[in-house]
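# Coordinates in review
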Amino acid sequence: TQLLEQSPQFLSIQEGENLTVYCNSSSVFSSLQWYRQEPGEGPVLLVTVVTGGEVKKLKRLTFQFGDARKDSSLHITAAQPGDTGLYLCAGEDTNAGKSTFGDGTTLTVKP
Amino acid sequence: GAVVSQHPSRVICKSGTSVKIECRSLDFQATTMFWYRQFPKQSLMLMATSNEGSKATYEQGVEKDKFLINHASLTLSTLTVTSAHPEDSSFYICSARDLEGNTIYFGEGSWLTVV
């Protein structure tokens with residue numbers, strides 16, 4: 001079974017601060033997705049990274065996929081209260097045809 | 001964009017009864033759908049992978065006779081929780097992979113409360 005370790009599990013910061021969430025595994029994934037989920041709703045896809053070393057930017061969010069495709073990071077610049085939510089990484093194993101989710105990072109951004 | 005709809009969004013049932021949750025891909029066809037269970041402030045736990053026209057593949061520790069999954073068409077998969085118990089109360093989420101296999105779309109989730 002492929003495992004994804006996400007850290008930190010909980011993060012509480014002030015508006016305007018920067019933060020980084022990490023997603024690590026000993027397994028190689030064909031692709032990795034980052035999701036944001038609000039309470040009582042389904043996860044919403046933020047980005048998919050496929051190529052080792054790939055960096056994608058989505059406004060104040062920067063996503064990086066490790067060279068070996070085993071790890072990824074999500075960096076948020078100048079966090080805002082609207083960024084509050086549960087952030088999930090998910091590694092996709094094409095051979096198995098399914099995704100493995102990390103434990104999640106609950107982010108709270110205080111105004 | 002592609003939409004996956006779950007119904008009902010919230011359901012309360014009595015202990016011992018069965019309840020069915022539907023997962024529909026509204027504007028695309030999905031050969032594969034996934035069912036997850038999520039407890040408050042925790043991540044998604046994959047319960048089973050559902051392939052259209054064939055039996056679902058269950059993850060280790062998930063009772064297939066308790067969580068019946070049917071994927072009768074390319075746009076519909078159902079999860080039936082049989083003989084529900086209070087410990088089955090949870091947030092159940094489905095996702096669907098499009099035919100090209102490139103993208104997975106999530107439903108809004110269904111809250112199940114067993115009383």
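The paragraphs below set out a description of the structure included in this document. (Residues numbered from 1 in each chain as written. Chains lettered and ligands numbered in written order. Predicted model: local features only at pLDDT ≥ 70, side-chain atom pairs only at ≥ 80, totals over all residues. Heavy atoms only, no water.)

On to the overall build of chain B, then. Counting its regular elements, chain B contains zero helices and 11 strands. The C-alpha atoms of chain B give a radius of gyration of 13 Å, which matches the 13 Å a tight globule of 115 residues would have. The principal-axis extents of the C-alpha atoms in chain B amount to approximately 40 × 25 × 20 Å. Sorting the 115 residues of chain B into buried and exposed places 49% on the buried side. Long-range contacts, defined here as pairs at least 24 residues apart, represent 54% of the contacts in chain B between residues at least 6 apart. Carbon and sulfur atoms form 51% of the exposed surface of chain B, whose accessible area is close to 5600 Å². Averaging the positions of the 10 positive and the 11 negative side-chain charges in chain B gives two centres separated by 7 Å. (Helix = DSSP H or I, 4+ residues; strand = E, 2+ residues; numbered from the N terminus. Rg over C-alpha atoms; globule rule 2.2 N^0.38 Å. Buried < 20%, exposed > 50% of the residue type's maximum accessible area, 1.4 Å probe, protein only. Contact = heavy atoms within 4.5 Å. Areas by Shrake-Rupley, 256 points an atom, 1.4 Å probe, with all protein chains shown as cover. Lys, Arg positive; Asp, Glu negative; His and termini not counted. Charge placed at Lys NZ, Arg CZ, Asp CG, Glu CD.)

Quick look at unusual backbone geometry now. Going from A:Ser7 to A:Pro8, the amide bond is cis rather than trans, its omega being -5°. Position of A:Pro8 among the secondary structure elements: in the loop between β1 (5–7) and β2 (10–14). With an omega of 0°, the peptide bond between B:His7 and B:Pro8 qualifies as cis. Relative to the assigned elements, B:Pro8 resides in the loop between β1 (4–7) and β2 (10–13). With a phi close to 55°, A:Lys59 is a non-glycine residue in the positive phi region. Summarising the element assignment, A:Lys59 is placed in the loop between β6 (55–58) and β7 (61–65). On the basis of relative accessible area, A:Lys59 is assigned to the exposed category, the value being 83%.

Bringing the sheet that holds β1(A) into the picture now. All names here are of chain A. If you walk across this open sheet you meet the five strands as β1-β3-β8-β7-β6, and the pairing is antiparallel. Each of the sheet's edge strands pairs with one partner strand only, and the pair in question is β1 and β6. When the angles between neighbouring strand axes are averaged without regard to direction, this sheet yields 15°. Alignment of β7 against strand β8 (residues 71–76), held across five bridges, turns out to be antiparallel. Bridging from a neighbouring strand, Thr-62 pairs with His-75 of β8. (Pairing = 2+ DSSP bridges. Axes fitted to C-alpha atoms, helices over the stretch in contact; angles between N-to-C directions.)

Take the interface of chain A and chain B next. Contact with chain A, which involves 16 residues of that partner, is made by 17 residues of chain B. Where chain A abuts chain B, roughly 1300 Å² becomes buried across the two surfaces, and 54% of that area is made up of carbon and sulfur atoms. Our count for the contact surface shared by chain A and chain B stands at two salt bridges. Residue A:Glu92 pairs with B:Arg97 through a salt bridge whose shortest N-O separation is 2.4 Å. Secondary structure elements with two or more residues in the side of chain A that touches chain B: β4 (31–37), β9 (85–93) and β10 (98–101) of chain A. (Buried area = accessible area lost by both parts, 1.4 Å probe. Salt bridge = Lys/Arg side-chain N within 4 Å of Asp/Glu carboxyl O.)

Residues and elements named next belong to chain B. Relative to the helices and strands, Thr-17 resides in the loop between β2 and β3 (19–25). Sequence-wise, Thr-17 and Pro-86 are 69 residues apart; in three dimensions their C-alpha atoms are separated by 11 Å. Discounting chain neighbours no more than four positions away, the residues touching Thr-17 are Val-81, Thr-82, Ser-83 and Ala-84.

Scanning the model with the defined rule gives seven salt bridges over all chains in all. A:Arg60 serves as the salt-bridge partner of A:Asp83, at 2.9 Å between the closest nitrogen and oxygen. A residue pair is termed long-range when its members are at least 10 positions apart, and A:Asp83 in the loop between β8 and β9 and A:Arg60 in the loop between β6 and β7 qualify at 23 residues. The class for A:Arg60 is partly exposed, based on a relative accessible area of 24%. The salt bridge partner of B:Asp88 is B:Lys66, with a shortest N-O separation of 2.8 Å. Placement of the pair is B:Asp88 in the loop between β8 (76–81) and β9 (90–98) and B:Lys66 in the loop between β6 (57–58) and β7 (67–73), with a sequence separation of 22 residues.

Quick look at the environment of A:Gly102 now. Residue placement: A:Gly102 occurs in the loop between β10 and β11 (105–110). Given a relative accessible area of 0%, A:Gly102 falls into the buried group. In this view, A:Gly102 contacts A:Leu4, A:Gln6, A:Leu88, A:Cys89 and B:Ser43; residues no more than four positions away in its chain are not counted.

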